[in-house]
Amino acid sequence: MLTTSISSMAQVPAIILDQNSKQMALGNHASYLEDIDGSYTLKDIIQLDPSNFEILTEESLNKGFTNSTYWLKFSVLDKTIDNKTQSWKLETTYPLLDYLDIYLLDKDGNVEHFKMGDVYLYDQRPINHRNFIVPITLQDNELKDVYIRVNTSSSMQIPVFIWHPDYFFEARSGEQYGLGLYYGMMFVMFFYNFFLWFSIRDSNYLWYIGYLAAFALLQASTSGLGYQYVWPNSPWLESIAPPVSIALVGIFGIAFTRRFLHTQQYHIVADNLLRLVLYLSLVVLGLSFIADTATVMGLAKIVVVTFLLFILYASVAMLLRGHRQARFFLAAWVSLILGGLFTIGMMLGLFPNTFLMTHASKIGSVIEIILLSFALADRIKVMEKEKKLIERRAQKELEKTNKKLEENNRLKDEFLATISHEFRTPLNGILGSLELAQQEPASSISPHIATAKGSTDEMLSLVDQVLNYTELQSGNFIIKAEPFNLPEILIELTQNISQQCQSKGIDFSIENHARNPQTIIADKKRLQQALVPIFDNSIKFTDEGHISLDVQIKFVNNQYLLLLKIEDTGIGIAEDKREDILEAFTQGDGSFSRQFGGLGIGLSLVKALCNQLGGTISISSEINYGTMVEISLPIDIPHQAFSAAPHIESKPSTKIRAIKDQARILIVEDNHINQVVLKTMLQRLNIDTETADHGIKALSILEQSRIDNKPIDLILMDCQMPVMDGFDATRNIRKSPHEYANIPIIAVTANALSSDKERCLQCGMDDYLSKPFQLDDIRSKLQTWLPQPDLKNESQQGNS
């Protein structure tokens, strides 16, 4: 029993309860005190001077988020004068309070104490309701003092109402019907959108379903219905339900917004802001289970504010960019935002805790759900437009593919032309050298046979590359692994390479690591196919310095690997060519004026071989400093290991017809062997020759011959040469103002396609001779373009 008097509340008038009192708010009938450290007891509060309290000027106490404890005190006086004992209802309508202590004191100092809050089991409440309700029993003219103590991690709101016992359940039953209608509509929209998603499989509906469920959970947790019907025996769930539901609303709402408005494609700034809220929501979701409620709710408050503002910004931004679906979307979120802002303002203490403010977010969400349904329905129309757009894009992709096919066909034609040229050039040296060898005495055969052998080797290497590549592409690839002596095979495989390096004055070395086993198990043929194209490139593109081969065997990931490193000091590979150089038919230079030959399949062949053998290839290079190619091939280690020249029949010589005496012919040919062969053939026909390696040198020789009055009678012109090719050289000759502008020019080229001949004639050449050719072919062309003048006159006289 505590001693108090009615005069202790003399500063504040009592709340008069009579027959007309249905619902009474506190208003200015109450006073409050901030207990900063929460140390005051009821006895301390009663003994405090009334001057320590502040008069409540609003309908209810609302201090927002605070760590302080607050006390409310007021008096109630029954003036019904009906000779009955009335059980009035004292209701606190904010169900998220953690600790709520209500003390009722009568005139004799008797105290009735009610302990409530969401930290206690729901069954401990005196009246079964989502809000905190206690009975106040009053007789006629009886006065009771009421003290309310509140401490909470949520918003400090103490909306207190006193209800007439006959009116309370009637009024609250209508509210229950409204809440039932609200959640029923949420339930219907949930399943309606679920069936839509199940039908059309549009992820927007799935994220919207998640958002509806999360928002319904948020409303249930903040209204007390969740604690009343879903988790009444779990105060822990009641404490984490608000931040968890806020986080889920943020996650699903942001994901739905980003996909519905396509912000990632059309507005990166808005998308980044939305993603920021998404990440913050994930943080709140995680902290809800491990951090204290006050800290989490502080972050959740930031999530709510940024969620509403950034979605509003994204909606306006996308609408300004002409996105039709943003119309309904913006109107929907504006409705929710306005309702949400009123509710948040109430929680922050900016607005009074009234029925309208309490349920503003629900009202806004109802309007939002209706408008978003229109938005999703409108999206079906948008999807039809998108379908047509996709069809147009597909048409463009088809056109792009057709262009790519045309490009592939062009590359194929270029490849076929390259094959023709590269095969025919060495073949011309073979046939020409052999033909000349047949016409010489036996003692002079050897040099020409050696030349033919070199050309044959070159041709066979090219043929092998094509055949190997064809084999890989066809899928008829057989791996035959067998034991062999590694040092011996390395010498065997590189013997020809060493000779070629020696002939070019290039140093060649092999480093076979001392710890390598003598014997390995691998496919020797495939090893050769992998090494030869790399060495061919090194020799081709290296004029000085060295070429080296480093061989090492390592045990990596339970497997033996043969590591081969080929390094040269050649011209290097440009950075923009390194990736493409491993693709088929690709060369550093595919023009007619390119300096180096080749099919363009060597390194692609090595790459394909490595892939088939389970190995790898990598290239590092620097322009003008060299290239290093590294290949890695899986191998096994044995347990015990840690003829005469062909006879060529002579061909009877053909009788030489008359060709212009003392004729001078200019040979324009970049291939030294073909120069020698052509020059020797023309010498057999008693014709003087001049030679040029490219078009510019040919023009210089023509000009010098004119000055020396030793005119050139005919030009044998190769087409594919460095510096200046045969086509440009011919055009320059035809444009010359001098007499040699009309000199006969015969194309002597390995480009043997029909289009090549037409191109030669169009650029100004007079005739066309395809490699490989023989002496009779040259003689026939010269008889046409360099006839003996006397013989020609005699023929004309005879005809007359």
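Residues numbered from 1 in each chain as written. Predicted model: local features only at pLDDT ≥ 70, side-chain atom pairs only at ≥ 80, totals over all residues. Heavy atoms only, no water.

Enquirer: Lay out the overall build of the protein with the relevant residues and their values.
Expert: Looking only at helices and strands, one finds 21 helices and 25 strands in the protein. Sorting the 800 residues of the protein into buried and exposed places 48% on the buried side. (Helix = DSSP H or I, 4+ residues; strand = E, 2+ residues; numbered from the N terminus. Buried < 20%, exposed > 50% of the residue type's maximum accessible area, 1.4 Å probe, protein only.)

Enquirer: Would you mind going over the sheet that holds strand 18 (residues 560-568) in detail, with residue names and values included?
Expert: Either a parallel or an antiparallel arrangement is found when strands of a sheet pair, and the pairing is made through backbone hydrogen bonds. Strand order across the open sheet formed by 5 strands is 15-17-18-20-19, with mixed pairing between neighbours. Two strands bound the open sheet, and with one partner strand each, they are strand 15 (507-512) and strand 19 (616-622). Averaged over neighbouring strand pairs, the angle between their axes works out to 15° when direction is ignored. Relative to strand 20 (residues 626-635), strand 18 runs antiparallel, the two sharing 9 bridges. Bridge pairing in strand 20 places K565 opposite E630. Running at roughly 170° to strand 15, helix 13 (residues 486-504) makes contact with strand 15 and strand 17 (546-555) of the sheet. (Pairing = 2+ DSSP bridges. Axes fitted to C-alpha atoms, helices over the stretch in contact; angles between N-to-C directions. Contact = heavy atoms within 4.5 Å.)

Enquirer: A description of the packing of aromatic side chains should follow, citing residues and the corresponding values.
Expert: As enumerated under the stated definition, the model contains 11 aromatic pairs in all. For the pair Y32 and Y70, a centre-to-centre distance of 6.3 Å together with 40° between the ring planes defines the contact as tilted. You can see Y32 sitting in strand 3 (residues 30-35) and its partner Y70 sitting in strand 6 (residues 69-78), a full 38 residues away along the chain. By the burial criterion, Y32 is buried, and Y70 matches it. Ring geometry for F508 against F535: centres 5.8 Å apart, planes inclined by 70°, an arrangement best described as edge-to-face. In this pair, F508 sits in strand 15 while F535 sits in helix 14 (residues 524-541), placing the two residues 27 residues apart along the sequence. The class of F535 is buried, set by a relative accessible area of 1%. A network of ring pairs unites the aromatic residues W163, Y167 and F168 as a single cluster. Of note, K73 hangs over the ring of F53, and the distance from its end group to the ring centre comes to 3.8 Å. The aromatic ring of F727 is capped on one face by R759, whose charged end is 4.0 Å from the ring centroid. (Phe/Tyr/Trp six-rings, centres within 6.5 Å; stacked < 30°, edge-to-face > 60°. Lys NZ or Arg CZ within 6 Å of the ring centre and 35° of its normal.)

Enquirer: Residues and numbers for the packing of helix 13 against helix 14, please.
Expert: Put simply, helix 13 and helix 14 touch, their axes get as near as 10 Å, and they point 15° apart. With respect to each other, helix 13 and helix 14 are oriented roughly parallel. Judged by the sense of rotation from one axis to the other, the crossing of helix 13 with helix 14 is right-handed. Judged by residue contacts, I489, L493, T494, I497, Q500, C501 and K504 of helix 13 engage K524, L527, Q528, L531, F535, I539 and K540 from helix 14. (Parallel < 35°, antiparallel > 145°, perpendicular 65-115°, else oblique. Left-handed = near helix turned anticlockwise from the far one by under 90°.)

Enquirer: Could you give an account of helix 14, naming the residues involved and the relevant values?
Expert: In this model, helix 14 (18 residues) spans 26 Å end to end at C-alpha, consistent with the 26 Å of a helix rising 1.5 Å per residue. All buried positions along helix 14 are accounted for by R526, L527, Q529, A530, L531, P533, I534, F535, D536, S538 and I539. (Expected span 1.5 Å × (residues − 1).)

Enquirer: Please provide a residue-by-residue account of the environment of F484, values included.
Expert: The topology assignment puts F484 in strand 14 (residues 482-485). In this structure, the C-alpha to C-alpha distance between F484 and Q518, residues 34 residues apart in sequence, is 8.3 Å. When neighbours within four sequence positions are excluded, F484 is seen to be in contact with I489, Q518, T519, I520, A522, K524 and L527.

Enquirer: Can you explain the nonpolar core? Please cite residues and give values.
Expert: One recurring pattern in soluble globular proteins is that nonpolar side chains are buried together. Grouped together as the largest cluster of nonpolar side chains are 42 residues, with contacts concentrated most on Y211, F307, F329 and W333. For this core, the secondary-structure elements that each account for two or more residues are helix 2 (165-200), helix 3 (203-223), helix 5 (235-261), helix 7 (268-287), helix 8 (293-320), helix 9 (326-347) and helix 11 (360-438). Discounting chain neighbours no more than four positions away, the residues touching F307 are Y211, V249, G250, G253, I254, V277 and W333. With 38 residues, the next largest nonpolar core counts I506, I573, V606 and I637 among its residues. (Core = buried A, V, L, I, M, F, W, Y, C linked by side-chain atoms within 4.5 Å.)

Enquirer: Describe the pattern of salt bridges, naming the residues involved and giving the relevant values.
Expert: Scanning the entire structure with this criterion turns up 10 salt bridges. Of the charged contacts, one joins D767 and K781 as a salt bridge, the two residues approaching to 3.1 Å between their closest N and O atoms. Pair noted here: D767 is in strand 25 (residues 767-770) and K781 is in helix 20 (residues 775-785), with a separation of 14 residues, a long-range link. K781 carries the same exposure label as D767, and that label is buried. (Salt bridge = Lys/Arg side-chain N within 4 Å of Asp/Glu carboxyl O.)

Enquirer: Lay out helix 16 (residues 672-684) with the relevant residues and their values.
Expert: The end-to-end C-alpha distance of helix 16, which contains 13 residues, comes to 18 Å, matching closely the 18 Å that a straight helix rising 1.5 Å per residue would cover. Those residues of helix 16 that fall on the buried side of the exposure criterion are N674, Q675, V677, L678, T680, M681 and L682. At the N-terminal end of helix 16, a side-chain oxygen is found 3.1 Å from the backbone nitrogen of I673, two or three residues along, and the residue is N671. Positive phi shows up at N686, right after helix 16, with a value of about 60°. (Polar contact = N/O pair within 3.5 Å; in protein donor to acceptor, adjacent residues only side chain to side chain.)

Enquirer: Before we move on, can you summarise the pairing of strand 9 (residues 111-116) with the specific residues and values?
Expert: Of the strand pairs in this sheet, strand 8 (residues 99-105) and strand 9 are connected by 6 bridges, and their pairing is antiparallel. Within strand 9, the residue paired with L100 across the bridge is M116.

Enquirer: Go over the environment of K504 with me, naming the residues and quoting the values.
Expert: The topology assignment puts K504 in helix 13. A relative accessible area of 32% places K504 in the partly exposed class. Spatially, the C-alpha atoms of K504 and K540 are 9.8 Å apart, while their sequence positions differ by 36 residues. Excluding anything up to four places from it in sequence, K504 contacts I539, K540, T542 and D543.

Enquirer: Describe a positive patch on the surface, naming the residues involved and giving the relevant values.
Expert: A surface patch of positive charge is lined by K385, K388, R392, R393 and K396. Position of K385 among the secondary structure elements: in helix 11. (Patch = residues over 30% accessible without salt bridge, like charges linked within 9 Å, V, L, I, M, F, W, Y side chains within 5 Å. Areas by Shrake-Rupley, 256 points an atom, 1.4 Å probe, with all protein chains shown as cover. Lys, Arg positive; Asp, Glu negative; His and termini not counted. Charge placed at Lys NZ, Arg CZ, Asp CG, Glu CD.)

Enquirer: Go over the environment of L309 with me, naming the residues and quoting the values.
Expert: Examined against the element boundaries, L309 turns out to sit in helix 8. Note: C-alpha distance between L309 and V334 (25 residues apart in sequence) is 9.7 Å.

Enquirer: Account for the sheet that holds strand 22 (residues 688-692), naming residues and giving values.
Expert: Read across the sheet, 5 strands follow the order 22-21-23-24-25 without closing on themselves; strand pairing throughout is parallel. Edge positions in the open sheet fall to strand 22 and strand 25, since each of these has one partner strand only. Sheet twist, expressed as the average angle between the axes of neighbouring strands with direction ignored, equals 20°.

Enquirer: Outline a nonpolar patch on the surface, supporting the account with residue identities and numerical values.
Expert: A cluster of nonpolar residues, F187, V188, F191, F194, F195 and F198, forms a patch on the protein surface that exposes about 610 Å² of accessible area. Relative accessible area serves as the criterion here: at 49%, F198 is assigned to the partly exposed category.

Enquirer: Report on the confidence of the model for the protein, specifying residues and quantitative values.
Expert: Summarising the model, the protein shows a mean pLDDT of 79, and 77% of its residues fall at 70 or more. For residues 588-600, every residue scores under 50 in pLDDT, and the model assigns this stretch 47 contacts once sequence neighbours within four places are set aside. Of the regions scoring below 50 in pLDDT, residues 791-800 engages in 1 contact with residues more than four places distant in sequence or in other chains. (pLDDT = per-residue confidence, 0-100.)

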